[in-house]
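# Topology and contacts: notes
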Amino acid sequence: NAGVTQTPKFQVLKTGQSMTLQCAQDMNHEYMSWYRQDPGMGLRLIHYSVGAGITDQGEVPNGYNVSRSTTEDFPLRLLSAAPSQTSVYFCASSYSRGGRGNTIYFGEGSWLTVV
Amino acid sequence: AQSVTQPDIHITVSEGASLELRCNYSYGATPYLFWYVQSPGQGLQLLLKYFSGDTLVQGIKGFEAEFKRSQSSFNLRKPSVHWSDAAEYFCAVGASNDMRFGAGTRLTVKP
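Residues numbered from 1 in each chain as written. Chains lettered and ligands numbered in written order. Predicted model: local features only at pLDDT ≥ 70, side-chain atom pairs only at ≥ 80, totals over all residues. Heavy atoms only, no water.

### Some points on the overall build of chain A
Quick reminder of the rule: Where helices and strands are cited, they refer to DSSP runs of H or I of at least four residues and of E of at least two residues respectively, numbered from the N terminus. With the radius of gyration taken over C-alpha atoms, the globule rule is written as 2.2 Å times the number of residues to the power 0.38. Exposed residues in this analysis have more than 50% of their type's maximum accessible area, buried residues have under 20%, and partly exposed residues fall in between, with area computed by a 1.4 Å probe over protein chains only. Residues are treated as being in contact if the distance between any of their heavy atoms lies within 4.5 Å. We get accessible surface area from the Shrake-Rupley algorithm with a probe of 1.4 Å; when it comes to residues, only the shown protein chains can shield them.
In terms of regular secondary structure, chain A is built from zero helices and eleven strands. When the elements of chain A are put in sequence order from the N terminus, they spell out β-β-β-β-β-β-β-β-β-β-β. The C-alpha radius of gyration of chain A comes to 13 Å, within 12% of the 13 Å expected for a compact globule of 115 residues. Principal-axis analysis of the C-alpha atoms places the extent of chain A at approximately 35 × 30 × 25 Å. For chain A, with 115 residues in total, the buried portion stands at 48%. Taking all contacts inside chain A whose residues are at least 6 apart in sequence as the whole, residues at least 24 apart take part in 52%. Carbon and sulfur atoms form 49% of the exposed surface of chain A, whose accessible area is close to 5,200 Å².

Take a look at the structure:
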């Protein structure tokens, strides 16, 4: 039972480059989301999806793009990387809308450095 | 909008001592409240959650939390800390479409 799988685990990018963080879950969860974690700021929601074909912005969406073509996958795209996007990124999923009390399952994180 | 405050950035306790981590939330209705733990280099693991009913919630690893509506608090407690409890702890409040996390409290356990 893989749960939530994120790749890559570590990545170094140059300013201006683009890349995609992959996220897949095998629990048939409707709700998927991306968070970034920065020291002293906890986790902040970037984008989320309540089902295939439906995405919406979270607290800090600028500079990121998402799509949800299947229930299983929810990739996060950095369009033009900036040093301010250096962070740890977590993908998460839950059976239904996470904020309604359903347990959210997190991936192990992706460490991204933009130089 | 909902928000979570964890007043303590870093706490150090001796092994075997009791622990209380503070969490205060701001939300207009009855909140869904969570505590997560994160070990270094790992993702977040759910310790416990509160939806409704009994205000004292039991979780994994011997942790418990008490919801106090009058104080807008959801403090995490453990009667006797083990060295393996050293980690970062996050309180979160959930509503509608997203979860809001506190900034975290880092726990150091002294031998």
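### Some thoughts on the nonpolar core
Grouped burial of nonpolar side chains is what soluble globular proteins tend to show. Residues and elements named next belong to chain B. Spelled out, the test is: Side-chain atoms within 4.5 Å are what join buried Ala, Val, Leu, Ile, Met, Phe, Trp, Tyr and Cys residues into a set we call a nonpolar core.
Within the largest apolar cluster, 26 residues are counted, with the highest numbers of intra-cluster contacts made by Leu19, Trp35, Leu47, Leu48, Phe74, Leu76 and Tyr89. For this core, the secondary structure elements donating two or more residues are β2 (10-14), β3 (19-21), β5 (32-38), β6 (44-50), β8 (64-68), β9 (73-78), β10 (87-95) and β12 (105-110). Element by element, the count of residues in this core is highest for β10, at four residues. Apart from the residues within four sequence positions on either side, Leu76 is in contact with Leu19, Glu20, Leu21, Trp35, Leu47, Leu48, Phe63, Glu64, Ala65 and Tyr89.

### Quick word on the pattern of salt bridges
Stated precisely, the cut-off is as follows: The term salt bridge refers to a pairing of a side-chain nitrogen on Lys or Arg with a carboxyl oxygen on Asp or Glu at a separation within 4 Å.
Evaluated as defined, the whole model comprises eight salt bridges over all chains. The partner of Arg100 of chain B in a salt bridge is Glu59 of chain A, with the nearest N and O atoms 3.6 Å apart. Residue Arg100 of chain B is located in strand β11 (residues 98-101), and its partner Glu59 of chain A is located in the loop between β6 (54-57) and β7 (64-66); the two belong to separate chains. Using a relative accessible area of 38% as the deciding quantity, one classes Glu59 of chain A as partly exposed. If you follow the salt bridges from partner to partner, you end up with Arg36, Asp38 and Arg44 of chain A in one network.

### So, the state of the cysteines
Keep this limit in mind: Cysteine sulfur atoms are paired as a disulfide whenever they come within 2.5 Å of each other.
In the structure shown here, the tally under the stated rule is two disulfides over all chains. Cys23 of chain A shares a disulfide with Cys91 of chain A; S-S distance 1.8 Å. Handedness here is read from the sign of the S-S torsion; for Cys23 of chain A and Cys91 of chain A, about -75 degrees, the answer is left-handed. Here Cys23 of chain A, found in strand β3 (residues 19-25), pairs with Cys91 of chain A, found in strand β9 (residues 87-94); they are 68 residues apart in sequence, far enough to count as distant. For Cys91 of chain A, a relative accessible area of 0% corresponds to the buried category. Note that Cys23 of chain B is cross-linked by a disulfide to Cys91 of chain B, the S-S spacing being 1.9 Å.

### What about the pairing of strand β4 (residues 31-38) of chain A?
Residue and element names in this part refer to chain A. Quick reminder of the rule: When DSSP finds two or more bridges between a pair of strands, those strands are recorded as paired.
Most of β4 sits inside the fold, with eight of its eight residues counted as buried. Every second residue of β4 is oriented toward a common face, with Tyr31, Ser33, Tyr35 and Gln37 on one face and Met32, Trp34, Arg36 and Asp38 on the other, all of them buried. Note that β4 and β9 share seven bridges and pair antiparallel. In the strand pairing of β9, Gln37 is matched with Val88. Pairing analysis gives seven bridges linking β4 to strand β5 (residues 42-51), with the strands arranged antiparallel.

### Details of the environment of Leu13 of chain A
Residue and element names in this part refer to chain A. Turning to its location among the elements, Leu13 is positioned in strand β2 (residues 10-13). Taking the C-alpha atoms as reference, Leu13 lies 24 Å from Phe106; in sequence the two are 93 residues apart. In contact with Leu13, not counting residues within four places along its chain, are Ser18, Met19, Ala81, Leu112, Thr113, Val114 and Val115.

### Examining the packing of aromatic side chains
Residues and elements named next belong to chain B. Keep this limit in mind: A pair of aromatic rings is counted whenever rings of Phe, Tyr or Trp (Trp by its six-membered ring) have centres within 6.5 Å, and the orientation is called stacked for planes under 30 degrees apart, edge-to-face for over 60 and tilted otherwise.
Per the stated rule, a full pass over the model turns up 16 aromatic pairs over all chains. On the numbers, 6.3 Å between centres and 65 degrees between planes, the contact of Phe34 with Phe51 is edge-to-face. With Phe34 in strand β5 and Phe51 in the loop between β6 and β7 (56-58), this residue pair connects regions lying 17 residues apart in the sequence. Between Phe63 and Tyr89, the ring centres sit 5.6 Å apart and the planes meet at 45 degrees, which makes this aromatic pair tilted.

### Topic: the confidence of the model for chain B
Here is the rule we go by: pLDDT gives the predictor's per-residue confidence on a scale running from 0 to 100.
On average, chain B scores 91 in pLDDT, and the residues at 70 or more come to 96%. Mean pLDDT in chain B bottoms out at β11 of chain B, which sits at 79, and peaks at β3 of chain B, which reaches 98.

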